[in-house]
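Breakdown of the fold
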Amino acid sequence: MKKMSTEKDLFSLINQSDKKAFEILFRLYFQPLKAFALKFIEDVDIAEGIVQETFIQIWEHRSKLENMAPKSYLYRMVKNRSLNHIRHQEVKGKYTQEILHTQNEWEEDIPDNTDKVSQILECVDKLPEQCKKIFVMNRMHGLKHAEIAEELNISVKTVKNHIGKALKILRNELNAVDMVIVIGLLKLFSEKL
Amino acid sequence: METNNSQHINWEIVTAILDDSANETDREAFKSWISDEQNSLYYEEIKHTWEQTGDISYCFDEETNGAWEETSKRVFKDNTFKVRKLVFRAVQIAALFCIIFIASKHLFFPDKKELFTQNNIINDFKMPDNSLVSINRNSHIAFIKGFKGLKRKVWLEGEAFFDVEKNIQKPFVIKTNKGEFEVLGTSFNIMCYEEDSELSLSVKTGKVRFTSPNNKFIIVKKGESIKYNINTNQILKNKKFNLNVLSWKTKQIVFDNMSLTEVAQVLESVYNVNINIEDDHVKTLKFSANFDHQPLDKILKVIALTFDIEIEYKNNMINFNQMN
């Protein structure tokens, strides 16, 4: 079984032109980076554009990517582009205060479970075609069983079975070892009482 | 459901439990199954996986999917299959001619229903799919009779409030001269007059995707509004839903500590009048009041009494004058 990549491996995979790894990186960081850019820039379109361009840069210069945690690199790139954009606007003075303030606080705002998330993304990606589609529609898009069944022209029973299958595969892949250990310990504890 | 073998679990029931959509029979069966320790442990693991994937739903939401589609197209340019591409191109062009031919046939035999307003408002017009549309003054909408086709298409010029019937298989699409809106089932207001360079969208319930003519897009959610300027190609998003956006239709107006300049703007759009305030001080006076289906002159009287100003009707214009 191929070893699952964690967030740290994504850059080295992308360095070797792994398109799937690039997609995972994108899905992982698009929303958080966009929210981050919006701290500097009011315009939603420009913020999105900056994030997109950052990713495009990463792919185009992938041969120079080093094996490192992507988080700080990505955030730094987005911050620099945002500041460059602001510098080209007239209202420089108004934003200087905000920039100084933001520089210190951005470290805390970033969610720290991106490693686990990239593992999950990779697993979801490996699910069989129909199974993956239904699972993503239910878990990621929030569609109910009946809605998925209607959209794909299949029975609700089939939908539920596919979701169950996906959960089973994910559970095996992701190895909820930590959870089992916790429960096991609790059990041990309760027995002793 | 077998109680001792976690391999043969009835997934329908488990997913129903996780999804909170289980009925009595399901819950009973689940209870007896989970009384077994092995099954209980197994269920905890599955539940853990279920919760983990909930946390990452932002990776697959519509915005991210759309952005990925755009980005991957720009980034993964396939240079290796040039020959195949040429053949494909020829087939594409042939197909295009067929489509143009068929489309022109439809253009010459339009089966459209059209609605026009001038100095009137149309309230709650029922469309072929039971969606409701209210149309403001000087506006125009058109749609194919019976909403025939793969999508429910509406052409809009002016201002309208849509209350769209949900139908996942047949998206509701509104086309304007400054961009397109796509929804599944939701209620929202679009203002897109031809002579303005800006359009605005305010979403009351649900979600609406707006796409600009050059394919920039944004998803606007309940309680949010956007403005799009076709000259600067800029989309500005506002997390506030302006209370008076629907006043033209509901006839309910809320003034919450608003300057008279803003009050005048709202009254102008709801009652189709022109209001002028000369005095700078009068412009900044703050007004708070609620009006429900009140005639304009009554509202003006209230303002006049509140601030001791004079309302003057002159040449199709209403003036707020300071009393001396």
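This text gives an overview of the structure that appears in the document. (Residues numbered from 1 in each chain as written. Chains lettered and ligands numbered in written order. Predicted model: local features only at pLDDT ≥ 70, side-chain atom pairs only at ≥ 80, totals over all residues.)

Our next topic: the overall build of chain A. Secondary structure summary: chain A contains 10 helices and 0 strands in total. Counted from the first residue to the last, chain A has its helices and strands arranged as α-α-α-α-α-α-α-α-α-α. The proportion of buried residues among the 193 residues of chain A is 32%. Counting contacts in chain A only where the partners sit at least 6 residues apart, residues at least 24 apart contribute 69% of the total. (Helix = DSSP H or I, 4+ residues; strand = E, 2+ residues; numbered from the N terminus. Buried ≥ 20, exposed ≤ 12 C-beta atoms within 10 Å, placed from the backbone. Contact = placed C-beta atoms within 7 Å.)

Turning next to the interface of chain A and chain B. Taken together, the contacts link 39 residues of chain A with 36 residues of chain B. If you list the elements that add at least two residues to the side of chain A that touches chain B, you get α2 (19–40), α3 (44–60), α6 (114–126), α7 (129–140), α8 (145–152), α9 (156–174) and α10 (177–192) of chain A. Top element by residues in the side of chain A that touches chain B is α9(A). It accounts for 9 residues. The residue inventory of the side of chain A that touches chain B, partitioned by class, reads 20 nonpolar, 6 polar and 13 charged. (Nonpolar A, V, L, I, M, F, W, Y, C, P; charged D, E, K, R; others polar.)

As a further point, take unusual backbone geometry. With the exception of glycine, the majority of residues adopt a negative phi angle, and the majority of peptide bonds are in the trans configuration. Residues and elements named next belong to chain B. Positioned with a positive phi, D124 is a non-glycine residue whose angle comes to about 50°. On the basis of neighbour count, D124 is assigned to the exposed category, with 11 C-beta atoms found within 10 Å. Positive phi values are uncommon outside glycine, yet N233 reaches one of about 60°. When you line up the elements, N233 lands in the loop between β12 (225–229) and β13 (234–238).

A few words now on the sheet that holds strand β18 (residues 317–322) of chain B. All names here are of chain B. The 3 strands are arranged β15-β18-β17 in an open sheet whose pairing can be described as mixed. The sheet is open, and its two edges are formed by β15 (275–277) and β17 (309–314), each paired on a single side. Each strand axis lies, on average, 25° off the axis of its neighbour in the sheet, ignoring direction. With 3 bridges joining them, β15 and β18 adopt parallel strand pairing. Note that in β18 the partner of I277 across the bridge is F320. (Pairing = 2+ DSSP bridges. Axes fitted to C-alpha atoms, helices over the stretch in contact; angles between N-to-C directions.)

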